[in-house]
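Listed below, chain by chain, are the residues.
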Amino acid sequence: MSPRPISISPDAAAAFNAANAAFREGRFTEALEAATRAVTLAPELASAHVLKARALRRQGDEPAARVAYEAALATDPQSFDALLELGNVLRGIGAVEDAAARYTAAMAARPTDARPALALARLMEEQPGQDHAERAAVAFQTALDRAGAGPEPVPAMAGLCRDMARFRMERADLPRALEALRQARLLAGSATLAPLIDLDIAEAYLRLGMMDEAQGLMERLSASEDPSLLRALAQLAYRFNFWAEAVAILTRWTHLRPEDAQAHLDLADMQIKAWLLEDALISLDRAEASGAVPAVASAALRASIANRLGDAETALGLYEGLVAEGQESFASNAAMSLLYADSVTPEVVAERHRALFASWGEGARTRDSFGADPNPDRPLRIGMVTGDLHHQHPVNIFMQPLLARWDHARLPLTIYNMGSTVDDQTRLARRRAGTWRDVSTIQLPAQVEADRIDILIDLAGHTAGGGLRAFARRMAPVQASFLGYPGSTGVPNIDWLIGDPVVTPPEADPLCSERVMRLPHTVFCFAPEAEYPLPDFGASQGRPLTFGSFNNIPKLTPRTIRLWADVLHAVAGSRLLLRAPSFKDAGAVARFRRLFADHGIGADRLLLRGPVGLDAMMQAYSEIDIALDPVPYCGGTTSLQALWMGVPVLTMEGGQFVSRMGASFMTAAGLPDWVARDDTDYIAKAVAVAQDRAALLQLKRGLRARLLAQPGWDADRYAKDFGAALQSMWHDTMGKS
């Protein structure tokens, strides 16, 4: 039965159309405002309530979205979209039978549509027990029957099998996903859908560790001339760290379609990710020459290139310009750029972080709404949100030893994985977690609530793929930031920032929008699980004294370059070795030679080297006598790796978390005399330690043993301290709420 026709006012129609346009363009705050106007002016318009609900879901407000969908159904009980999408909301909060009822009603409202039957099948597959498995099988068969009765039955059924497979992949049910993909592939034959199914099969192979099979299939797919397939294939290759292959695939697309601006734009984006910055600028110029590139896309890519070239001020200006133009998705990029900028004081960094994200907390849940038991002596359910538990990522490097020592009886742990990269380290983390959930940004809030998490910890901050907007609306009674972001997030409703007495001293509390929980010894404990043998330090004695840094180029700000040039002038005959991904790009090498030349340092005193694998990089520390820490953004993982490989780090104590990490590490290492107060002190300390090569050699030979004798490098003690800190956070928060 069709819904009765509704007559609405021109103002209501204008508001509805504005909401639709804003939603399509990703301006969800504006979409919500316009949809709210529309339902106020035309409360009988069910589609306006549905649009409002969709905007609310995009902002992570599932409870309010539920209310909006129910308002739509009060107006039109047969609204297919409201029934189906409300079912999704109810499924997300764990209301299984209510969700099933909505899906069943949607099936009745539109008897030929396969989607609600597929949704019901997915819901039932998520539940334990034989009864649910049987209900899932019946629902999926119903979906297939409906697809089979349509005008194009074979591709429709193949598509459904593929959709179910991708759902199973999201749940990390890879064997059954592969089974569904093989079904889909048999149905598809040589149809248009077949290569996309092959692409999914390749992803399943990669996630199962079947590397040879995956690479063979991906090589075959790379011969395609379909731009959409090549684009998806390149993204898959990139996600699994095949960067060169991803660039090659997109380069082929530009050769096939040299007039296609999107091809050049995608290639520029991938070249940036692969640190091929000179090539990226050429590709971006070609895309822009078409006149078809949106100004937003152009500015975003140029900001990313500027950042990776070490031009933080230009990147910051571009990102803040995008935010000022209403492109709020770039707020986190602007926040990150603030940390690198020489011209911005810690006070301004804090102020601008708060201003960027203040609106995110509007309409957030209250702590009391969770009804949590405040008892601090019971097992506290801990959740961690990340997408970075994979090889070489700093979050993974620090989290794996902590996960290996986690007290699951006292602090039951659930990891919410929002990433798509899967490797042996991801699988190791999954085994170490008490519960592992693969979730999307939209699924996260409801899943956290269903799991009744007490303390939810963000491990991403403002880096790519994070879920801070959902944190701002509060997903758990207590929320904290740790590891992924070097400082205060500025995001409302994150209650705690985990630090230590040096990186976050009490006098810096006004810089933080969160309360600070200080671990007693160090904020990050470096306890590598791989074996990295110490180098032969005696071999270094015949060479010029070599300063060095393996930090990424964005940290090499103008002040850092000037400071390091002054060090080289002060230590006659010394040289500087820099290793970073950018230095595989000829343009970056030429740029940094020019920058140092501007301060009187010739190319003969610079060694600029590109990236290598982690094992080779660790051994490459044998080429450095003294590591130099950049300012204002100190080294993190690289400084701790240097120390572990016997290379002391000269650092400077700044005024905020990101500028005090080096001071924290060197204090925890028992080497506080390697922490400078200012530029003059930094240069003086460099001269002093460089003059006594014998003492330096003695320090290097005994450095790892020195570290292991310090409490900040004791992984067992650190795990206990971390657990105690979580319990203290709960007690201090819930005891005062």
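Residues numbered from 1 in each chain as written. Predicted model: local features only at pLDDT ≥ 70, side-chain atom pairs only at ≥ 80, totals over all residues. Heavy atoms only, no water.

(A) Expanded view of the packing of aromatic side chains. Overall, the coordinates contain 18 aromatic pairs when judged by the stated rule. Geometrically, the ring pair formed by F23 and F28 is edge-to-face, given 5.3 Å between the ring centres and 65° between the ring planes. Given the relative accessible area of 19%, F28 is considered buried. Feature note: the residues F398, W406, F482, F524, F526, W644, F657, F665, W713, Y718 and F722 constitute an aromatic cluster, connected by ring pairs. The ring of F80 is capped by R110, whose NZ or CZ atom sits 3.9 Å from the centre of that ring. Over the ring of Y238 we find K273, and its NZ or CZ is 4.9 Å from the ring centre. (Phe/Tyr/Trp six-rings, centres within 6.5 Å; stacked < 30°, edge-to-face > 60°. Buried < 20%, exposed > 50% of the residue type's maximum accessible area, 1.4 Å probe, protein only. Lys NZ or Arg CZ within 6 Å of the ring centre and 35° of its normal.)

(B) Region of interest: the pairing of strand β8 (residues 546–549). Along β8, one buried face is formed by T546 and G548 and the opposite face, lined by F547 and S549, is buried too. Strand direction decides the pairing type here: β8 and strand β9 (residues 575–579), joined by 4 bridges, are parallel. Following the sheet pairing, G548 is matched in β9 by L577. You can see the chain leave β8, run along helix α25 (residues 558–570) and come back into β9, and the turn it takes is right-handed. Where β8 meets strand β11 (residues 626–628), 2 bridges bridge the pair, whose relative direction is parallel. By the bridge assignment for β11, G548 is matched with A627. (Helix = DSSP H or I, 4+ residues; strand = E, 2+ residues; numbered from the N terminus. Pairing = 2+ DSSP bridges. Right-handed = clockwise from strand over helix to strand, strands pointing away.)

(C) Structural view of the sheet that holds strand β5 (residues 478–481). Spatially, 7 strands are ordered β3-β2-β1-β4-β5-β6-β7 in an open sheet, and the strand pairing comes out parallel. Each end of this open sheet is capped by a strand with a single partner; those strands are β3 (435–438) and β7 (515–518). Averaged over neighbouring strand pairs, the angle between their axes works out to 25° when direction is ignored. Relative to β7, strand β6 (residues 496–499) runs parallel, the two being bridged by 4 bridges. Bridging across to β7, L497 finds its partner in V516. Seen against the sheet, helix α32 (residues 715–734) touches β1 (382–386), β4 (455–458), β5, β6 and β7 and runs at an angle of roughly 145° to β7. (Axes fitted to C-alpha atoms, helices over the stretch in contact; angles between N-to-C directions. Contact = heavy atoms within 4.5 Å.)

(D) Summary view of helix α8 (residues 130–148). The end-to-end C-alpha separation of α8 is 27 Å, in line with the 27 Å expected for 19 residues at 1.5 Å each. Within the span of α8, buried status applies to H132, A136, A139, F140, A143, L144, R146 and A147. Across the axial projection of α8, the buried residues extend over an arc of 160°, all falling on one side. Turned more than 90 degrees off the buried face of α8, the exposed positions are Q130 and V138. (Expected span 1.5 Å × (residues − 1). Arc of directions from axis to C-beta.)

(E) View of α32. Between its first and last C-alpha atoms α32 spans 29 Å; for 20 residues at 1.5 Å apiece the expected length is 28 Å, and the two agree. All buried positions along α32 are accounted for by A715, Y718, A719, F722, G723, A725, L726, M729, W730, T733 and M734. Looking down the long axis of α32, one finds its buried residues gathered within 150° of arc, a one-sided arrangement. Lining the buried residues of α32 we find β1, α21 (394–404), β4, β5, β6 and β7. The N-cap residue of α32 is D714: its side-chain oxygen and the backbone nitrogen of D716 are 3.1 Å apart. (Polar contact = N/O pair within 3.5 Å; in protein donor to acceptor, adjacent residues only side chain to side chain.)

(F) Highlighting the pattern of salt bridges. Taken as a whole, this structure holds 45 salt bridges when the rule is applied. Ionic pairing is found between E85 and R54, a salt bridge with its closest N-O pair at 2.6 Å. With E85 in helix α5 (residues 80–92) and R54 in helix α3 (residues 46–58), this pair connects stretches of sequence that are 31 residues apart. Note on R54: relative accessible area 27%, which makes it partly exposed. (Salt bridge = Lys/Arg side-chain N within 4 Å of Asp/Glu carboxyl O.)

(G) Representation of the environment of D113 in the model. Counting through the fold element by element, D113 comes out in the loop between α6 (96–109) and α7 (115–125). In this structure, the C-alpha to C-alpha distance between D113 and P294, residues 181 residues apart in sequence, is 36 Å. A distance of 2.8 Å separates polar atoms of two side chains, one belonging to D113 and the other to R115.

(H) Representation of the pairing of β5. The alternating pattern of β5 places V478 and A480 on one face and Q479 and S481 on the opposite face, and all of these are buried. Summarising the sheet, β4 and β5 pair through 4 bridges and their orientation is parallel. Paired with I455 across the strands is V478, a residue of β5. Summarising the sheet, β5 and β6 pair through 2 bridges and their orientation is parallel. Bridge assignment links A480 to a residue of β6, and that residue is W496.

(I) The packing of helix α9 (residues 153–170) against helix α10 (residues 174–188), seen in detail. Where α9 contacts α10, the two axes come as close as 8 Å, and the packing angle between them is 165°. As far as their axial angle goes, α10 and α9 are roughly antiparallel. Remark: the crossing between α9 and α10 carries left-handed chirality. In contact with V154, M157, A158, C161, R162, A165, R168 and M169 of α9, α10 contributes L174, R176, A177, A180, L181, Q183, A184, L187 and A188. Here the contact of α9 with α10 is composed, by residue class, of 13 nonpolar, 1 polar and 3 charged. (Parallel < 35°, antiparallel > 145°, perpendicular 65-115°, else oblique. Left-handed = near helix turned anticlockwise from the far one by under 90°. Nonpolar A, V, L, I, M, F, W, Y, C, P; charged D, E, K, R; others polar.)

In short, geometric facts, not functional conclusions.
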